[in-house]
Amino acid sequence: MADKIILEEGKLKISDHPIIPFIEGDGVGQDIWKNARAVFDAAVEKAYVGKRQIEWQEVLAGKKAFEETGEWLPDETLATIKDDLIAIKGPLETPVGGGIRSLNVALRQELDLYACVRPVRYFKGIDSPLKNPEKTDIVIFRENTEDIYAGIEWEAGTADAQKVVDFLQKEMGVRKIRFPESSSIGIKPISIEGSERLIRSAIEYALANKLTKVTLVHKGNIQKFTEGGFRKWGYELAQHEYAAELASGKLVIDDIIADNFLQQILLNPERFDVVALTNLNGDYASDALAAQVGGIGISPGANINYLTGHAIFEATHGTAPDIAGQDKANPCSLLLSGCMLFDYIGWGEVSTLITAALERSIAQGIFTADLANGRVAYATSDFCQRLITNL
């Protein structure tokens with residue numbers, strides 16, 4: 001009988017038959033989910049020989065949800081994920097017009113999934129723009145709930161924008177708005193609590209995985225109290241909570257300006273282990289690093305609240321409607337995000353099998369169309385069947 005995953009005394013309690021909700025996703029979601037699921041189930045069977053099994057439970061979000069319920073993100077979906085703690089999802093279409101800005105952002109904010117975690121590594125055989133892409137092996141911890149993604153802004157020319165400008169100029173003495181009458185205004189909140197919990201998660205991950213260096217990436221040279229605060233609070237946190245690890249050399253904390261970081265990941269990517277970033281910087285860096293190892297099609301991602309246990313593992317790419325339903329999409333982002341899920345629930349044997357099968361398949365020249373670059377392109381279903389063979 002399948003059981004819900006629960007959190008007891010700060011630790012996940014996982015049965016041998018856990019229930020895990022999934023969102024198929026829009027566009028190519030229909031292609032990648034069913035094939036990735038076949039790989040997941042085959043790997044679980046291979047690892048545990050029938051002793052363990054996932055009970056996948058579909059919940060609706062995105063276009064499929066809208067067509068069936070009239071809502072892009074039904075309350076029932078949020079309630080189910082809140083109750084079951086962990087979910088996995090394909091790419092979601094963002095509705096055009098008013099309402100929800102982004103379904104992905106809405107899920108992160110509703111569930112307070114404050115850590116966006118993206119491990120970036122190279123698979124030998126994939127084309128990369130770098131001469132030595134194998135030097136890129138970095139885990140990104142991006143703050144997920146604050147910064148400009150809070151969505152606090154007012155459009156130029158509106159009464160509300162003028163009200164904010166008036167307050168800033170008359171009450172706060174601000175004189176640096178160059179064109180006050182034609183400026184849109186946005187607010188960038190970055191808190192001590194939000195920064196500390198993200199940086200603490202990055203440090204804990206590094207220590208658990210025997211990685212030494214955690215680098216704080218910021219723009220504190222310009223934004224002294226928001227980006228600079230992130231840096232300052234990170235150092236203070238490390239000194240207060242990890243003094244022994246710092247003293248022993250198990251942990252090293254350093255920092256780097258965001259624009260220099262984007263240069264250094266090209267020139268010297270091997271100098272970074274785990275990086276902690278504010279939300280916007282993390283957004284830029286995630287895609288830049290994915291490009292270094294072959295593209296976002298092989299970039300996994302998770303959105304996690306390490307305090308409540310809630311986590312959504314996801315394909316990091318878009319819906320690619322031009323190839324939807326054609327069995328052409330690359331399932332690797334979802335597959336590797338599934339590996340993160342299995343690691344998260346303590347089923348590391350499964351993620352090890354899938355990762356090794358991916359390495360083996362890619363080395364054999366098995367690619368989907370986006371990675372083929374003149375070589376034979378495999379359909380999504382054929383690619384996943386080869387993976388199952390290589391488990």
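Provided above is the structure to which this section pertains.
Residues numbered from 1 in each chain as written. Predicted model: local features only at pLDDT ≥ 70, side-chain atom pairs only at ≥ 80, totals over all residues. Heavy atoms only, no water.

### Notes on the packing of helix α1 (residues 29-48) against helix α11 (residues 332-344)
- Interhelical geometry of α1 versus α11 gives an angle of 40 degrees and a closest axis separation of 10 Å. By the angle between their directions, the pair α1 and α11 is classed as oblique. Between α1 and α11 lies a crossing whose hand is right-handed. Here Ile-32, Trp-33, Ala-36, Val-39, Phe-40 and Val-44 of α1 come into contact with α11, specifically with Leu-334, Leu-335, Gly-338 and Phe-342.
- By residue class, the composition of the contact of α1 with α11 is 9 nonpolar, 1 polar and no charged. (Axes fitted to C-alpha atoms, helices over the stretch in contact; angles between N-to-C directions. Helix = DSSP H or I, 4+ residues; strand = E, 2+ residues; numbered from the N terminus. Parallel < 35°, antiparallel > 145°, perpendicular 65-115°, else oblique. Left-handed = near helix turned anticlockwise from the far one by under 90°. Contact = heavy atoms within 4.5 Å. Nonpolar A, V, L, I, M, F, W, Y, C, P; charged D, E, K, R; others polar.)

### Considering the packing of aromatic side chains
- Per the stated rule, a full pass over the model turns up 13 aromatic pairs.
- Ring plane angle 80 degrees and centroid distance 5.3 Å describe the contact between Trp-33 and Trp-56, whose orientation is recorded as edge-to-face. With a gap of 23 residues between them, Trp-33 in helix α1 and Trp-56 in strand β4 (residues 55-58) connect regions that are remote in the sequence. As far as the burial class goes, Trp-33 and Trp-56 line up, both buried.
- Both rings, one in Phe-40 and one in Trp-56, keep their centres 5.9 Å apart while their planes meet at 35 degrees; by these two values the pair is tilted. Taken together, the residues span a long stretch of sequence, with Phe-40 in helix α1 and Trp-56 in strand β4 at a distance of 16 residues. Just as Phe-40 is buried, Trp-56 falls in that class too.
- One aromatic cluster is present, formed by Phe-22, Trp-33, Phe-40, Tyr-48, Trp-56, Phe-342 and Trp-347 through successive ring pairs.
- In this structure, Arg-121 packs its charged tip against the face of Phe-123, placed 3.9 Å from the ring centre. (Phe/Tyr/Trp six-rings, centres within 6.5 Å; stacked < 30°, edge-to-face > 60°. Buried < 20%, exposed > 50% of the residue type's maximum accessible area, 1.4 Å probe, protein only. Lys NZ or Arg CZ within 6 Å of the ring centre and 35° of its normal.)

### Let's talk about the sheet that holds strand β3 (residues 19-23)
- Ordered by their spatial adjacency, 10 strands build an open sheet running β4-β3-β5-β14-β13-β6-β7-β12-β10-β11, and the pairing between neighbours is mixed. Two strands lie at the open edges of the sheet, namely β4 and β11 (252-257), each paired on one side alone. Taken over all neighbouring pairs, the strand axes of this sheet differ in orientation by 25 degrees on average, direction set aside.
- The sheet contact formed by β3 and strand β5 (residues 86-89) spans 2 bridges and is parallel. Within β5, the position partnered with Ile-23 by the bridge is Lys-89.
- Of the strands in this sheet, β6 (115-121), β7 (137-143), β10 (213-218), β11 and β12 (274-277) touch helix α6 (residues 192-208), which is tilted by about 160 degrees from β7.
- Where helix α9 (residues 258-267) meets the sheet, it contacts β7, β10, β11 and β12, and its direction lies at approximately 105 degrees from that of β11. (Pairing = 2+ DSSP bridges.)

### So, the nonpolar core
- Residues Phe-40, Ile-88, Ile-203, Phe-261, Phe-342, Ile-345 and Ile-354 are the most contacted members of the largest nonpolar core, which totals 85 residues.
- Counting 14 residues, the second-largest nonpolar core is a separate cluster that includes Ile-23, Val-59, Leu-73 and Leu-107. (Core = buried A, V, L, I, M, F, W, Y, C linked by side-chain atoms within 4.5 Å.)

### Looking at helix α4 (residues 103-110)
- For α4, the buried fraction is high: 6 of the 8 residues fall into the buried class.
- If you follow the buried residues of α4, they end up packed against α3 (75-84), β5, β7, β13 (300-304) and β14 (311-315).
- Residue Asp-112 follows α4 closely and has a positive phi angle near 55 degrees.

### Overview of the pattern of salt bridges
- By the definition in use, this model includes 21 salt bridges.
- Glu-314 is the partner of Arg-108 in a salt bridge, and the nearest nitrogen-oxygen pair spans 3.3 Å. Remark: Glu-314 occurs in strand β14 and Arg-108 occurs in helix α4; sequence separation between them is 206 residues. Across this residue pair, the class does not change: Arg-108 and Glu-314 are buried.
- By sharing partners, the salt bridges in this structure join Lys-4, Asp-83 and Asp-84 into a single network. (Salt bridge = Lys/Arg side-chain N within 4 Å of Asp/Glu carboxyl O.)

### What to know about helix α7 (residues 227-241)
- For α7, with 15 residues, the first-to-last C-alpha span of 21 Å sits near the 21 Å given by 1.5 Å per residue.
- Along α7, the residues that are buried comprise Glu-227, Gly-228, Gly-229, Phe-230, Trp-233, Gly-234, Tyr-235, Leu-237 and Ala-238.
- Buried-residue contacts for α7 involve α6, β10, α8 (243-248), β11, β12 and α10 (279-292). (Expected span 1.5 Å × (residues − 1).)

### Section: the pairing of β10
- Within β10, 5 of the 6 residues are buried, which leaves the element mostly enclosed by the surrounding structure.
- Alignment of β10 against β11, held across 6 bridges, turns out to be parallel. Its bridge partner lying in β11, Leu-216 is registered against Asp-255.
- Across 4 bridges, the pairing between β10 and β12 is parallel. Considered in β12, the bridge of Val-214 is made with Val-274.

### A look at the packing of α6 against α7
- Following both chains from N to C, one finds α6 and α7 inclined at 55 degrees, their axes separated by 9 Å at the closest point. By the criterion of interaxial angle, the relationship of α6 to α7 is oblique. Of the two elements, α6 crosses α7, and the hand of that crossing is right-handed. Facing α6, whose interface residues are Ile-192, Ser-195, Glu-196, Leu-198, Ile-199, Arg-200 and Ile-203, α7 presents Phe-230, Trp-233, Gly-234, Leu-237, Ala-238 and Glu-241.
- In terms of residue class, the contact of α6 with α7 is built from 8 nonpolar, 2 polar and 3 charged.

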